[in-house]
Amino acid sequence: MSAAIVELDAVTVAYRERRALLDITLSIAAGERVALIGPNGAGKSTLLAVATGLLRPAEGRVRLTGEPVEGLDRLDVARRLAVVPGAANLPFATRVEEVVALGRLPHEDPFRGARPADRAAIAAAIERVGVGHLLGRDARELSLGERQLVLIALAVAQSAPVLILDEPTVHLDLRHQVGAMELLVDLNERDGTTIIAVLHDLALAAHFFPRLVLLDGGRIVADGSAAEVLTPDRIREVFGVDPSFVRLPVGAA
Amino acid sequence: MTTRGGTLTTARPRVGRLGSVRDRPVLLVGLGFVALLVALVLGVGVGSVTIDPADTIAILAHRFLGLDIPQTWTDATETIVVELRLPRILTAMLVGCALAVAGATFQGLLRNPLADPYVLGTASGAALGAAIAVLIPVRFVILEFGLIQGLAFIGALASITVVYKLSRNSGLAPLTSLLLTGYAVGSLLAAALAMAMYLSGAALRQIFTYLLGSFDAATWPRFLATLPIILIASIAIMLRARSLNGLLLGEQAAAHLGVDVRRERRILLALASLVTAAAVAISGLIGFVGLVVPHVVRLLVGPSARLVLPLSAIGGAALLAYADIIARLAGGIPVGVVTAILGAPFFLVILRRARTGYEV
């Protein structure tokens, strides 16, 4: 396995009284595909906020490609990590291709704007995510699922070595959920993009991700393959549901 | 995506009739400059003494391009053109450019289509400054400005500074806090202004004239004092187009796209306020331009600040130049009244024709 690309070292985050993350140590190597799972409020999104430098931990350290994240400015971070936006609450009518083009902002020349390389990356991302049929439409008129695909295309156009997604499948129908997962696998295996995704669907996580990190109450309670992490006891304990509700692919659990 | 086909959506791109120019911003820039040149000649010609466009062009070519043209006009005509009409029409263009750029910036920064250059209290601050200048008995000059212009400039900058500082101590989200603080401070200043006007007696008309906005007070020194402020700040804003583009998706997404949101917000707010303050100082409060021009430009070329800012600058300049020409033709009614009377129906037509799901 190659060098660590995202590292959290004894990270603790507290919001006022509540501890959101407790002594998290996590190392993700370049080229890995990791799903963060856990119940609501487990600290998954907080972990992403810390890893992307948006949130300064109370204790501990975060390193991206070996460099402390607090020493990097936002542009440095944006060239290393692409984060699929959680929502696109656009104030003005914006065409789909214009939304995807925003992914090139970290690479754009401040004077000349988009160059041919940027336009090529935008076209490639549109093609790869399969949103070509949406071109020309106002992104605000799209369904939530379509919008989600457009935002994934934006992050793909950003062409960073790490792609981070926070619940990328919530608004997608089953076909598009599987499609999105296959896209992530393809980006990971063909391009070597490191994928870190928060997922609620344990079956998708187990099927498409070789490494699962289970959080609960701000701590990492399990880290490993689906078979190692998603044991019936742990599902009962962490999610508080009967494990038979969770249908996992053969081989896991 | 690696799944089969993309037949989820059957609707083909619904591109508005306005969509045809969308991919040709250069054409719009060209049209804008032609409109500005025509406005320049018309603007110099229109007034109590009508000046022939040929004479206007000859005088301008003679004086500013150094062309050796035999003088077919009187010296009085040349004085009117060079000393009165030219600074006036250029001031109208400069102010229009400033208001439209500031409006586009505030709309993008606050992520609010209803924002205009005055949204954060600059207008009330400037108006109060102007009213104080009218009411106090002493006279002095600030930065080549008269006292009214000087205090209006200071009032605008002071009010936005107060709004920014106060907004930072609130527990609300930064944008909400800015807007609400701006509204509160603006209301307070407006009340103070109303009080000043109530007590002003004979000076009321002078204050009122300022509030309605006009270019009657335009002179070369005032134009030249404002020009660098507006020009430099506007260019500085345009060089930060990337930040405004990132903010289209929201502050968090902007941060992930490499925008240092807090820093950029502070800088853009300062620059747009400076531009607004300079504009209101020389022209008074002219509404509508800053709100509407950026929207019309967005309908034509999309929301990218890289296009919206320069095209708004040209569009705002043209709009105010023609509005001032019409105001003078109509016997000197306030130019702010013209922008609203002509601009509002035009904007409504544009909104009706836009097929791109435009909503505020």
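Model, not experiment: these values are computed from the prediction.

So, the overall build of chain A
Counting secondary structure elements, chain A contains nine helices and 10 strands. Over its C-alpha trace chain A gives a radius of gyration of 18 Å, about what one expects of a compact globule, namely 18 Å for 253 residues. Projected onto its principal axes, the C-alpha coordinates of chain A cover approximately 55 × 40 × 35 Å. Counting only residues that meet the buried cut, chain A has 51% of its 253 residues in that class. At a minimum sequence separation of 6, the contacts of chain A that also span at least 24 residues come to 66%.

Concerning the overall build of chain B
Each helix and strand counted, chain B has 14 helices and zero strands in total. Along chain B, from the amino end to the carboxyl end, the secondary structure elements read α-α-α-α-α-α-α-α-α-α-α-α-α-α. A burial count over chain B gives 49% of its 360 residues as buried. Within chain B, residue pairs in contact and separated by at least 24 positions form 76% of the contacts whose partners lie at least 6 positions apart.

Some thoughts on the nonpolar core
The biggest cluster of nonpolar side chains holds 197 residues, and the ones touching the most others in it are V100(A), V150(A), A153(A), A98(B), A130(B), V275(B) and A321(B). With 17 residues, the single largest contributor to this core is helix α3 (residues 75–109) of chain B. If sequence neighbours within four positions are ignored, A153(A) has contacts with V100(A), A125(A), I126(A), V129(A) and V131(A).

A few points about the interface of chain A and chain B
If you look at the interface, chain A gives 42 residues, while chain B gives 35 residues. Per element, the largest residue contribution to the side of chain A that touches chain B is seven residues, and it comes from helix α6 (residues 174–191) of chain A.

Brief notes about the sheet that holds strand β8 (residues 194–198) of chain A
All names here are of chain A. Pairing is mixed across the open sheet formed by six strands, whose spatial order is β6-β7-β8-β3-β9-β10. Pairing within the sheet leaves two strands with one partner each, and these edge strands are β6 (81–83) and β10 (219–224). Here the average twist between neighbouring strands, direction ignored, is 15°. Alignment of strand β3 (residues 33–37) against β8, held across four bridges, turns out to be parallel. Along β8, the bridge assignment pairs V34 with I196. Packed on one face of the sheet, α6 meets β3, β7 (162–166) and β8 and runs near 155° to β8.

Brief notes about the pairing of β3(A)
Residue and element names in this part refer to chain A. Counting buried positions along β3 gives five out of five residues, so the element sits mostly inside the fold. With burial as the criterion, each face of β3 is covered, one bearing R33, A35 and I37 and the other bearing V34 and L36. Relative to strand β9 (residues 211–216), β3 is paired through four bridges, and the arrangement is parallel. Opposite L36, over in β9, you have V213 as the bridge partner.

A look at the packing of helix α4 (residues 122–135) of chain B against helix α7 (residues 204–212) of chain B
All names here are of chain B. Viewed as axis vectors pointing N to C, α4 and α7 meet at an angle of 155°, and their least axial separation amounts to 9 Å. Comparing their axes, α7 and α4 come out roughly antiparallel. Our pair here, α4 against α7, has a crossing hand that is right-handed. Residues A127, A130, A131 and V134 of α4 touch α7, and the partners they reach there are Q206, I207, Y210 and L211. Along the lines of polarity and charge, the residues of the contact of α4 with α7 split into seven nonpolar, one polar and no charged.

Points about the domain arrangement of chain A
Residue and element names in this part refer to chain A. Domain annotation for chain A reports domain 1 (1–65 + 161–253) and domain 2 (88–160). Facing 10 residues of domain 1, the contacting portion of domain 2 comprises nine residues. Of all elements in the fold, only β7 and α6 reach the threshold of two or more residues within the side of domain 1 that touches domain 2. With three residues, the single largest contributor to the side of domain 1 that touches domain 2 is α6. A per-class count over the side of domain 1 that touches domain 2 returns seven nonpolar, two polar and one charged.

Some remarks on helix α9 (residues 232–239) of chain A
Residues and elements named next belong to chain A. Residues of α9 that are buried include every one of I235, V238 and F239, and no others. What you see down the axis of α9 is that its buried residues fit within an arc of 85°, all on one side. Turned more than 90 degrees from where α9 packs its buried face, D233 and E237 sit exposed. Residues of α9 that are buried in the fold lie against β9 and β10. Of the residues trailing α9, G240 is marked for its positive phi of about 70°.

Quick word on unusual backbone geometry
For S159(A), which is not a glycine, the phi torsion comes out positive at approximately 40°. With respect to the helices, strands and loops of the structure, S159(A) is situated in the loop between α5 (144–157) and β7. Using a count of 20 C-beta atoms within 10 Å as the deciding quantity, one classes S159(A) as buried. Even without a glycine there, the phi angle at F288(B) is positive, about 80°.

With respect to the sheet that holds strand β2 (residues 18–29) of chain A
Residues and elements named next belong to chain A. Pairing in this open sheet of four strands is antiparallel, and the strands run β2-β1-β4-β5 from one edge to the other. Of all the strands in the sheet, the pair left with one neighbour each is β2 and β5 (67–68). When strand β1 (residues 4–15) meets β2, the two strands line up antiparallel, connected through eight bridges. Paired with E7 across the two strands is S27, which belongs to β2. Along the sheet, helix α1 (residues 44–51) contacts β1, β2 and β4 (59–64); its crossing angle with β1, the most-contacted strand, is approximately 120°.

Rules used throughout
Residues numbered from 1 in each chain as written. Chains lettered and ligands numbered in written order. Predicted model: local features only at pLDDT ≥ 70, side-chain atom pairs only at ≥ 80, totals over all residues. Helix = DSSP H or I, 4+ residues; strand = E, 2+ residues; numbered from the N terminus. Rg over C-alpha atoms; globule rule 2.2 N^0.38 Å. Buried ≥ 20, exposed ≤ 12 C-beta atoms within 10 Å, placed from the backbone. Contact = placed C-beta atoms within 7 Å. Core = buried A, V, L, I, M, F, W, Y, C linked by C-beta atoms within 7 Å. Pairing = 2+ DSSP bridges. Axes fitted to C-alpha atoms, helices over the stretch in contact; angles between N-to-C directions. Parallel < 35°, antiparallel > 145°, perpendicular 65-115°, else oblique. Left-handed = near helix turned anticlockwise from the far one by under 90°. Nonpolar A, V, L, I, M, F, W, Y, C, P; charged D, E, K, R; others polar. Domains from an automatic or database assignment. Arc of directions from axis to C-beta.

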